[in-house]
Every structure is written in structure tokens, then in C-alpha cells.
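Topology and contacts: notes
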Amino acid sequence: MIQRRLSGLPTWQRNLYVLWFGVFMTGIGFSEVMPFLSLYVDTLGHFTKNQLTFYSGAAFAITFLMTAIVSPFWGKLADSKGRKLMLLRASLGMAIVFLLMGAAQNIWQLIFLRALQGLFGGFISNANAMIATQTPKERSGYALGLLVTGVTGGNLLGPFLGGVLASLVSYRISFVITGIIFLLVFTLTLTMVKEEFTPIERGASPSRKEVFQMLKFPKLTIVLFTTTLIIQMVNQSISPIVALFVRELNHGASSTTFLAGLVAAMPGIATMIAAPRFGRIGDRIGTNRMIMIGFALAFIFMLPTGFVTAVWQLVILRFMIGISDATMLPAVQTMLSKSTPREITSRIFAYNQSFQSLGAVAGPMLGTLVATYFDYNGIFMVSAALIVVNAIIFGTNTRFLRHDDDVND
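First, a word on what this report is: a plain description of the structure on this page.

Rules used throughout
Residue numbering note: each chain is counted from 1, following its sequence as written. Reporting of local features is limited, given that this is a predicted model, to residues whose pLDDT is at least 70; pairs of side-chain atoms are given and counted only at 80 or more, and all residues count toward the totals for whole chains, interfaces and linings. To get the side-chain values, take all heavy atoms of the structure and skip hydrogens and water. A run of H or I in DSSP counts as a helix once it spans at least four residues, and a run of E counts as a strand once it spans at least two, with each numbered from the N terminus. Exposure classes here rest on a 1.4 Å probe applied to the protein chains alone. A residue is buried below 20% of its type maximum, exposed above 50%, and partly exposed in between. Accessible surface area values rest on a Shrake-Rupley calculation with a 1.4 Å probe, where residue burial reflects the displayed protein chains alone. Aromatic pairing here means that ring centres of Phe, Tyr or Trp (its six-membered ring) are within 6.5 Å. Orientation follows from the plane angle: under 30 degrees is stacked, over 60 is edge-to-face, and everything else is tilted. In these notes, a set of buried Ala, Val, Leu, Ile, Met, Phe, Trp, Tyr and Cys residues joined through side-chain atoms within 4.5 Å is what counts as a nonpolar core. Note on contacts: a residue pair qualifies if any of its non-hydrogen atoms lie within 4.5 Å across the two residues. The span you would expect from a helix comes to 1.5 Å times its residue count less one. For a residue, the bend is simply the angle between two axes, fitted respectively to the seven-residue segment ending there and the seven-residue segment starting there. Between the N-to-C directions of two axes lies an angle of 0 to 180 degrees, each axis being a line fitted to C-alpha atoms and, for a helix, fitted only over the stretch in contact. Angular relationships are summarised with four words: roughly parallel below 35 degrees, roughly antiparallel beyond 145, roughly perpendicular across 65 to 115, and oblique for the angles in between. Take the far helix as the reference: if the near one is turned anticlockwise from it by less than a right angle, the crossing is left-handed, and if turned clockwise, right-handed. Gly falls in the polar group here, along with every residue not listed as nonpolar (Ala, Val, Leu, Ile, Met, Phe, Trp, Tyr, Cys, Pro) or charged (Asp, Glu, Lys, Arg). A patch consists of residues exposed above 30% relative accessible area that lack any salt bridge, with like charges linked at up to 9 Å and nonpolar side chains (Val, Leu, Ile, Met, Phe, Trp, Tyr) linked at up to 5 Å. In the sections that follow, a salt bridge refers to a side-chain nitrogen of Lys or Arg positioned within 4 Å of a carboxyl oxygen of Asp or Glu.

Here we take up the overall build of the chain. Along its length, the chain carries 17 helices and zero strands. Every one of the 409 residues in the chain was classed for burial, and the buried ones make up 55%. On the chain, roughly 17,600 Å² of surface is accessible, and the fraction owed to carbon and sulfur atoms is 67%.

This is the structure we're talking about:
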């Protein structure tokens with residue numbers, strides 16, 4: 001029935017809806033283990049508190065580190081062999097890895113499988129690249145904005161669903177269920193995603209140096225990568241201490257766990273609601289202007305967060321941070337697609353994925369370091385300063401842009 005309804009849509013729109021589900025499930029897969037990963041690690045051996053902290057951190061970080069390292073390789077392969085092939089590789093690979101994680105017998109097996117999860121990644125970057133190259137330019141902001149809601153929604157619901165599954169069944173069965181869902185993503189991608197692609201002859205794929213020589217505005221691309229990195233760092237910097245900060249504001253009340261989850265969910269909820277709408281606005285007024293608006297909003301909402309005295313204030317300001325994300329995230333993807341030749345789109349989106357993964361690793365490290373020396377409030381002050389730096393870098397290097405047409409010409 002679903003296939004019959006989708007069959008009447010244009011190819012780019014049908015692919016958009018199928019890939020939205022795929023990136024949604026990828027977001028869930030990457031985030032659902034967060035509530036119980038350290039608890040699962042604890043079942044795989046007899047560890048001291050310090051050992052448990054170290055192994056839990058290693059199991060968390062290794063996935064993003066591997067994604068950052070291998071994404072450019074998968075992007076190169078996608079540009080030469082096709083994006084659908086990479087989508088199938090990523091979804092099937094993650095299905096197998098999650099099924100195996102449910103059978104891990106010791107910590108080293110789990111860390112190895114978490115590394116493989118990062119190795120087999122690339123579904124999100126290739127979904128973005130496929131939609132960016134297939135969608136009419138005048139609809140790209142909307143389409144990429146919609147994809148952002150899929151990723152964000154998955155990251156938002158993942159911890160909640162993971163906690164529910166772990167409570168209802170077990171840690172191991174939770175991995176198995178996720179693996180089965182990725183098999184469904186693989187099947188839908190195989191049967192419903194369409195791509196017309198002419199493979200590049202072996203040896204004809206451009207080198208990294210040649211890729212950047214093919215860009216009309218290579219400096220702009222680097223600035224967009226940097227923007228992705230800093231946005232992710234700022235978003236993730238609060239991750240290690242969100243529950244502790246909420247407990248401090250809540251004076252240790254029993255509702256801390258629920259309120260911490262609510263605070264963590266706010267940016268994602270706001271981004272899901274606002275991203276497609278801001279994507280449409282960006283299509284009209286220019287994506288570079290949307291990004292600058294996003295910087296202004298992020299600073300306006302981030303700085304006061306360092307002075308909150310109640311949880312409800314934190315909830316409201318974190319929701320508003322999600323609004324600022326909704327202006328920037330789709331706009332960065334859209335500007336990358338409009339300033340990149342189609343034949344290297346996957347490579348560029350893969351590099352962007354690498355910067356995003358590096359931000360996911362550096363953000364929590366930065367948050368922990370700042371909190372150690374300047375307390376929890378200091379994280380928001382430093383994040384606000386990073387936003388200003390990012391805005392200056394971006395604004396200085398995009399002065400030549402009057403509208404999106406400037407990057408298309």
C-alpha cells in the first residue's frame with residue numbers, strides 16, 4: 001500500500017520519504033544505546049569505577065572517530081560507484097553489527113563492534129548527497145531541511161526508545177531489535193530508492209587535491225565544514241553534564257532524571273518542528289543569510305543559559321537553541337549542495353560528515369574540561385564565544401555572496 005502511494009510521486013520526492021525513514025532509524029541506532037551503554041559494559045566484566053568510566057567512554061567515542069576517518073573513503077566510492085550502493089552497504093552493515101552487539105561476550109568485542117558501526121556508517125551523508133543531487137534547486141532547502149528532521153528525530157527518540165526497550169526486554173534484545181529495523185531500512189532502500197548513475201571508470205575518480213580544485217569556492221566549503229564542526233561541538237558540549245546541571249538546579253529532587261531527559265530533548269524537538277519551514281525560507285532569501293540569522297539566534301539564547309537559576313528556564317532556552325539549529329543545519333547542507341559539482345557531491349558530504357563526527361567527540365571533551373575549571377555555567381559562556389568566532393569566520397568569507405545564485409553560477 002505504501003509502495004503504491006509512493007510510486008506516483010516524482011523520483012526525488014519518493015526517495016526523500018524513503019530516505020527520511022532511513023536517516024531517522026540511523027539516528028535512533030546511533031543514540032539509543034546512550035542510556036544503557038555503560039550499564040551494558042558493566043555486564044561484560046568485573047571493572048573498577050575508573051575502568052568502567054574508561055571503557056564506557058571508549059565504546060562511545062570509537063564509533064564517531066571511525067566515522068570521521070572513513071567517511072571520505074565512502075564518499076569517494078559513492079561518487080564512483082553510486083550512492084544507492086553505499087546506502088545499501090551502510091544499512092546492511094549496521095544491521096549485522098547491531099545483531100552481533102547483542103551477542104558480545106566481553107568489552108573488547110563490544111568496542112570492536114562499535115568501531116565497525118562507525119566503519120559501516122555513511123547512510124546519512126549519502127542520503128543527503130543523493131537528495132541534494134536529485135532535488136530541483138528551488139526545493140533543495142525544503143528537502144534537506146526535511147532530512148534534518150529525520151536525523152534529529154532519531155537522535156531525539158533514540159535514548160527514550162533505548163531506555164524503554166532495555167526496561168521491557170534486555171540490553172541484548174534491544175540491539176537485536178535495532179538490527180532487524182536496519183534490515184527493514186536495507187529492504188526499503190533496495191526496492192524503493194531509484195538512482196540513475198553512470199559508474200566512473202577505475203582510476204578516473206579525482207584525488208582529494210583534484211576534488212578541491214573542482215570546487216568554484218573551496219574556501220567557502222572549508223568554512224561550511226568548520227561551521228558543521230562548531231555547531232556539533234556546541235550542541236554536544238552539554239552532554240556529559242546535563243543530568244548533573246539539572247540536579248543542581250533542581251536541588252537534588254527525585255524528578256531529576258525526567259527533567260534531564262526533557263532538557264536533552266528540547267533542541268531536537270525544536271529542530272524537528274522548525275527545520276523544514278526555515279529550509280523553505282532559505283530557498284527564498286538565501287541560505288547564507290539563514291546561517292547568519294542562526295548565529296545571531298544561537299548567541300542570543302546561549303549566553304543567558306549560563307545564568308539560569310531554574311530548570312524551566314533551562315528547558316525554554318534549550319528549545320530556542322533548537323530553533324537556531326533549525327536555521328543553520330539545513331542551510332549548511334543546502335549551500336554545500338549548491339556550491340558543489342554533482343560528480344563530487346558524495347565526497348564533499350562525506351567530508352562534512354567527518355567534521356560532524358569530530359564535533360561529536362570534541363564537544364563532550366570540551367564540556368567536561370570547561371566544567372572542571374569554570375563550573376557548569378562556563379560551558380554556555382564558552383559555547384557563546386565559539387558561536388561568535390564561527391559567525392566572524394563565516395561572515396568574513398561569504399561577503400561576496402549576495403544570494404544563492406552566486407554559488408550556482
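Picking up after the structure, the text goes on.
Using the criterion set out here, one finds 11 aromatic pairs in the structure. Judged by centre distance (6.2 Å) and plane angle (65°), the rings of Tyr-40 and Tyr-171 are edge-to-face. With Tyr-40 in helix α3 (residues 37–42) and Tyr-171 in helix α9 (residues 171–192), this residue pair connects regions lying 131 residues apart in the sequence. Judged by centre distance (5.8 Å) and plane angle (70°), the ring pair of Phe-295 and Phe-394 falls under edge-to-face. Taken together, the residues Phe-295 in helix α14 (residues 287–305) and Phe-394 in helix α16 (residues 345–397) connect sequence positions 99 residues apart. For Phe-295, a relative accessible area of 4% translates into the label buried. Joined through ring pairs, the aromatic side chains of Tyr-40, Phe-98, Tyr-171, Phe-175 and Phe-182 make up one cluster.

Below, the discussion takes up the nonpolar core. By size, the foremost hydrophobic cluster in this structure holds 51 residues, and its most contacted members are Leu-224, Val-246, Leu-314 and Ile-348. Elements that contribute at least two residues to this core include exactly α7 (123–134), α11 (218–236), α12 (242–249), α13 (256–285), α14, α15 (311–338) and α16. Top contributing element to this core by residue count: α16, with 12 residues. Contact partners of Leu-314, with chain neighbours within four places excluded, come to Phe-245, Val-246, Leu-249, Val-263, Thr-305, Val-308 and Phe-380. Core analysis: the next-biggest nonpolar cluster, separate from the first, contains 48 residues, Leu-44, Ala-59, Ala-104 and Ala-143 among them.

For α15, spanning 28 residues, the distance from its first C-alpha to its last is 41 Å, which sits close to the expected 40 Å at 1.5 Å a residue. Taking the largest bend as the criterion, α15 deviates by roughly 25°, centred on Asp-325. For α15, the buried fraction is high: 22 of the 28 residues fall into the buried class.

Here we come to the packing of helix α2 (residues 11–31) against helix α8 (residues 140–168). Where α2 meets α8, the closest approach of the two axes is 7 Å, and the angle between their N-to-C directions is 30°. Here α2 lies roughly parallel to α8, going by the angle between them. Judged by the sense of rotation from one axis to the other, the crossing of α2 with α8 is right-handed.

Before going further, it helps to examine the packing of helix α5 (residues 83–101) against helix α6 (residues 107–119). Between α5 and α6, the least distance of the axes is 9 Å, while the angle of their chain directions is 170°. As far as their axial angle goes, α6 and α5 are roughly antiparallel. For the pair α5 and α6, the crossing hand works out as left-handed. Note on element contacts: α6 touches α5 through Leu-110, Leu-113, Arg-114, Leu-116, Gln-117 and Leu-119, opposite Arg-89, Val-97, Phe-98, Leu-100 and Met-101. Grouping the constituent residues of the contact of α5 with α6 by class yields eight nonpolar, one polar and two charged.

Once that is clear, we can look at the side chain of Thr-189. The residue Thr-189 is located in helix α9 in this model. The class of Thr-189 is buried, set by a relative accessible area of 1%. Ignoring anything within four residues of it in the chain, the contact list for Thr-189 reads Val-18, Lys-84, Leu-87, Leu-88 and Phe-123.

For Val-242, the position within the fold is in helix α12. Expressed as a C-alpha distance, the spacing of Val-242 and Ala-264, which sit 22 residues apart in the sequence, is 7.3 Å. If we ignore the near neighbours within four places in the chain, the residues touching Val-242 are Ala-260 and Val-263.

Where nonpolar side chains cluster on the molecular surface, the patch consists of Leu-157, Phe-160, Leu-161, Val-164, Leu-168, Val-169 and Ile-173 and spans about 610 Å² of accessible area. The element best represented in the nonpolar patch is α8, accounting for five residues. Looking at where Leu-161 falls in the secondary structure, it is placed in helix α8.

Let us look at the side chain of Thr-26. Assignment of secondary structure puts Thr-26 in helix α2. Filtering out sequence-adjacent residues up to four positions away, Thr-26 remains in contact with Met-94, Phe-123, Ile-124 and Phe-182.

On to the environment of Val-151. Mapped onto the elements, Val-151 comes out in helix α8. Spatially, the C-alpha atoms of Val-151 and Gly-27 are 5.1 Å apart, while their sequence positions differ by 124 residues. Those residues within four positions of Val-151 in sequence are excluded, and the remaining contacts are Val-23, Gly-27 and Ile-124.

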